[in-house]
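# Notes for the structure review
Here is how the chains run, residue by residue.
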Protein chains: 2
Amino acid sequence: MTDPIRQTVLKKLTNGDFNCEKEFTLSMFSGKYKLVILWELGHVSEMHFNELYRLIDHVTKKVLANQLRELVSDQLIKRTAYERNNQKLVIYQMTEIGESLLPIIDQMYEWGKQRLNAYQIPAAFKLDVAGDISKDA
Amino acid sequence: MTDPIRQTVLKKLTNGDFNCEKEFTLSMFSGKYKLVILWELGHVSEMHFNELYRLIDHVTKKVLANQLRELVSDQLIKRTAYERNNQKLVIYQMTEIGESLLPIIDQMYEWGKQRLNAYQIPAAFKLDVAGDISKDA
DNA sequence: CGGTATCCCCGAAGATACTG
DNA sequence: CAGTATCTTCGGGGATACCG
């Protein structure tokens, strides 16, 4: 797997499934948990599989593994395996390319926050969000 | 239908299906043709249904109607029906809220362009893109 | 710890035909 | 012109169990 861009994406490109480069960008983070993963990895230097697994509500290992695999093959994050005390460990961390995406994600966060505030979203949601990395209480 | 936010989105909000406000933002344009629609409407003052239909490759009327309906109910675009010479006409145009999303879409366009250039995407795609509203030839 | 392997489901999108 | 109405397909994601 030396492909610079994920196979499916390439296929879509050649098929003309993307109308434009913005759809290409969209495809980078359109998986259900990709934004959270990028967000979290954008705030710490590294993370283990199970850390992410525990952090992200309701995700299954299979799906998480999948999202991570795609993010890796899109070169937004990188995976490093090593060993300590006969224990196999793996860390995930952002690449530069992944980091270059963070400003966009930040803007998405801000836009959503503005918009949700404007409509007084039910407390149920606000509680849920409190678990996320938001500075304001 | 006086709902400020689309039902499905609202349901997801109350269910806690969104981990964060960035996922909410994502849901605004994650339909297959929403980015193009917003992009096009962002560059002209208004557009008819069939103009969009002809402009967007491979979309079916059903799907286009669906995407438009959701964009309307998310208040990103607005729909106006009127009559001329016994002909029913409809125009779609951006709302202020929709326009506030354009900077993000622009950034997505730029990011994708950078990234695709870095990998010399096949000419087939570049031709496809040429049909889009891009200033550079 | 860091994943696979199966089986299943559901909803978005496609194909095609029709309408006021 | 601006859509509906059906029927079908497809694949991302969920549930659960197992593995080195």
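Residues numbered from 1 in each chain as written. Chains lettered and ligands numbered in written order. Predicted model: local features only at pLDDT ≥ 70, side-chain atom pairs only at ≥ 80, totals over all residues. Heavy atoms only, no water.

By the naming in an unreviewed UniProt entry, chain A goes by Transcriptional regulator and is assigned to Lentilactobacillus fungorum.

### Considerations on the pairing of strand E3 (residues 87-94) of chain A
Along any regular strand the residues' side chains alternate between the sheet's two faces. Residues and elements named next belong to chain A. Pairing of strand E1 (residues 47-48) with E3 involves two bridges; the strand directions are antiparallel. Bridge pairing links His48 to Ile91 in E3. Sheet topology places strand E2 (residues 77-84) next to E3; eight bridges connect them, and they run antiparallel. Each residue of the ladder has a partner; that of Glu83, found in E3, is Lys88. (Pairing = 2+ DSSP bridges. Helix = DSSP H or I, 4+ residues; strand = E, 2+ residues; numbered from the N terminus.)

### Topic: the nonpolar core
Core analysis: the largest hydrophobic core is formed by 65 residues, its most contacted members being A:Phe29, A:Leu38, A:Ile77, B:Phe29, B:Leu38 and B:Ile77. Aside from chain neighbours lying at most four places away, what touches B:Leu38 is B:Phe29, B:Leu71, B:Leu76, B:Ile77, B:Met94, B:Leu101, B:Leu102 and B:Ile105. (Core = buried A, V, L, I, M, F, W, Y, C linked by side-chain atoms within 4.5 Å. Buried < 20%, exposed > 50% of the residue type's maximum accessible area, 1.4 Å probe, protein only. Contact = heavy atoms within 4.5 Å.)

### A closer look at helix H5 (residues 61-73) of chain A
A turn of α-helix holds 3.6 residues, and therefore any two residues three or four places apart point the same way. The end-to-end C-alpha separation of H5(A) is 18 Å, in line with the 18 Å expected for 13 residues at 1.5 Å each. Among all positions of H5(A), only A:Leu64, A:Gln67, A:Leu68, A:Leu71 and A:Ser73 are buried. (Expected span 1.5 Å × (residues − 1).)

### Structural notes on the protein's contact with DNA strand C
As a matter of local geometry, DNA strand C sits amid 19 residues, with A:Lys61, A:Arg79, A:Tyr92, B:Lys32 and B:Lys62 nearest to it. A share of 62% of the atoms of DNA strand C within 4 Å of the protein falls on sugar and phosphate groups. Note that a phosphate oxygen of DNA strand C is positioned 3.2 Å from one of the side-chain N or O atoms of A:Asn50. Contributing elements (two or more residues each) for the surface near DNA strand C: helix H4 (49-55), H5 and E3 of chain A together with helix H5 (61-73) of chain B. (Near = heavy atom within 4 Å. Polar contact = N/O pair within 3.5 Å; in protein donor to acceptor, adjacent residues only side chain to side chain.)

### Things to note about the pattern of salt bridges
Two side chains carrying opposite charge are able to pair once their charged atoms lie near each other. Counting across every chain of the model gives eight salt bridges over all chains. Here A:Glu83 makes a salt bridge to A:Lys88, at a shortest N to O gap of 3.7 Å. On the accessibility criterion, A:Lys88 (69% relative accessible area) is exposed. Between B:Arg6 and B:Asp74 there is a salt bridge, with the nearest N and O atoms lying 2.9 Å from each other. Of this pair, B:Arg6 sits in the segment before helix H1 (7-15) while B:Asp74 sits in the loop between H5 and strand E2 (77-84); the two residues are 68 residues apart in sequence, bridging distant segments of the chain. The burial state of B:Arg6 is the same as that of B:Asp74; both residues are buried. (Salt bridge = Lys/Arg side-chain N within 4 Å of Asp/Glu carboxyl O.)

### Points about the sheet that holds E3(A)
Residue and element names in this part refer to chain A. The strand order across the open sheet built from three strands is E1-E3-E2, with neighbouring strands paired in antiparallel fashion. The sheet terminates laterally at E1 and E2, the two strands that pair on one side only. Along the sheet, helix H3 (residues 34-41) contacts E1, E2 and E3; its crossing angle with E3, the most-contacted strand, is approximately 95°. Here H5 sits on the sheet in contact with E2 and E3, set at roughly 115° to E2. (Axes fitted to C-alpha atoms, helices over the stretch in contact; angles between N-to-C directions.)

### Quick notes on the packing of aromatic side chains
Tallied over the full model, the rule gives four aromatic pairs over all chains. Across the ring face of B:Trp39, the terminal group of A:Lys22 is positioned such that the distance to the ring centre comes to 4.8 Å. Sitting over the ring of B:Tyr53, B:Lys61 keeps its end group 5.5 Å from the ring centre. (Phe/Tyr/Trp six-rings, centres within 6.5 Å; stacked < 30°, edge-to-face > 60°. Lys NZ or Arg CZ within 6 Å of the ring centre and 35° of its normal.)

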